[in-house]
Amino acid sequence: MAPPPLLLPGERLEHYHALRQAIFADLAPRSAIEWLLAIDVAELPWEIQRILRHKLLETYRHKAVEAALRRIDMVGIDPDFENRAEYYTQQNALSWRTDPIAATEIEARLAAYGFDQDAVTTGAYVQAREVLVLFEGLLNAAQTKRTLLLREIRHQRFLGGSMRGPR
């Protein structure tokens, strides 16, 4: 019933299947509606995590390219021209992000100074590390809340009652 997930670089299909199976085991869906809900519950955290990680790394990759360009271009700049040179460095990093031709030229220039794609990616991960940890913590907190909710649902199923308490 569920389409296969789209994976970003570094994601593993086994992790998605393990997450989905754990959710299905917790929910133990009985009807078609419950199965559709279970699929949604399984896919939502995966998609949120993918989107956040992708956008975050895209942003920090841009910053890593900018930092590498700054290390190349700002060496020996007269202090009177630092602000202007910084502006052009930021514009070059923006061009790298938006213009494929400029990106090819900038990547070749970075490579000539020892900044290959692995170095840029490592720089992006280093800069994004704190935010990635924050997102991971939020996702773990959501997982804990989901687990508590599922326990309550199972408890209510076992009792055969509604989830409403006395008013």
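Calculation notes
- Residues numbered from 1 in each chain as written.
- Predicted model: local features only at pLDDT ≥ 70, side-chain atom pairs only at ≥ 80, totals over all residues.
- Heavy atoms only, no water.
- pLDDT = per-residue confidence, 0-100.
- Helix = DSSP H or I, 4+ residues; strand = E, 2+ residues; numbered from the N terminus.
- Contact = heavy atoms within 4.5 Å.
- 1 Å grid on protein atoms, 1.4 Å probe; cavity = no way out; pocket = protein on both sides within 12 Å on 5 of 7 lines; lining within 4 Å.
- Points joined across faces, edges and corners; volume = space filled by probe spheres on them.
- Nonpolar A, V, L, I, M, F, W, Y, C, P; charged D, E, K, R; others polar.
- Axes fitted to C-alpha atoms, helices over the stretch in contact; angles between N-to-C directions.
- Parallel < 35°, antiparallel > 145°, perpendicular 65-115°, else oblique.
- Left-handed = near helix turned anticlockwise from the far one by under 90°.

Take the confidence of the model for the chain next. Taken residue by residue, the chain gives an average pLDDT of 82. The fraction at 70 or more is 92%. The lowest-confidence element of the chain is helix α5 (residues 117-159), averaging 81 in pLDDT; the highest-confidence one is helix α4 (residues 100-112), averaging 91.

This next bit is on the environment of L6. Residue position: L6 is located in the segment before α1 (13-27). Spatially, the C-alpha atoms of L6 and E47 are 8.9 Å apart, while their sequence positions differ by 41 residues. Apart from residues no more than four positions distant in its own chain, L6 is found in contact with E11, W46 and R50.

On to the layout of surface pockets. In this model, the largest pocket occupies a volume close to 390 Å³. As for the largest pocket, its lining consists of 20 residues, and the residues nearest its centre are L19, P45, Q49, L139 and Q143. Counting only elements with at least two residues in the lining of the largest pocket, the list comes to α1, α2 (32-73) and α5. Broken down by element, the lining of the largest pocket gets its largest block of residues, nine residues, from α2. Class assignment for the residues of the lining of the largest pocket results in eight nonpolar, five polar and seven charged.

Two elements in contact, α1 and α2, have axes whose closest approach is 9 Å; the angle formed by their N-to-C orientations is 140°. Here α1 is positioned oblique relative to α2, judged by the angle of their axes. Where α1 crosses over α2, the handedness of that crossing is right-handed. Taking contact as the criterion, the partners of H15, Y16, L19, R20, I23, F24 and L27 in α1 are, on α2, W35, A38, I39, V41, A42, E43 and W46. Split by residue class, the contact of α1 with α2 holds eleven nonpolar, one polar and two charged.

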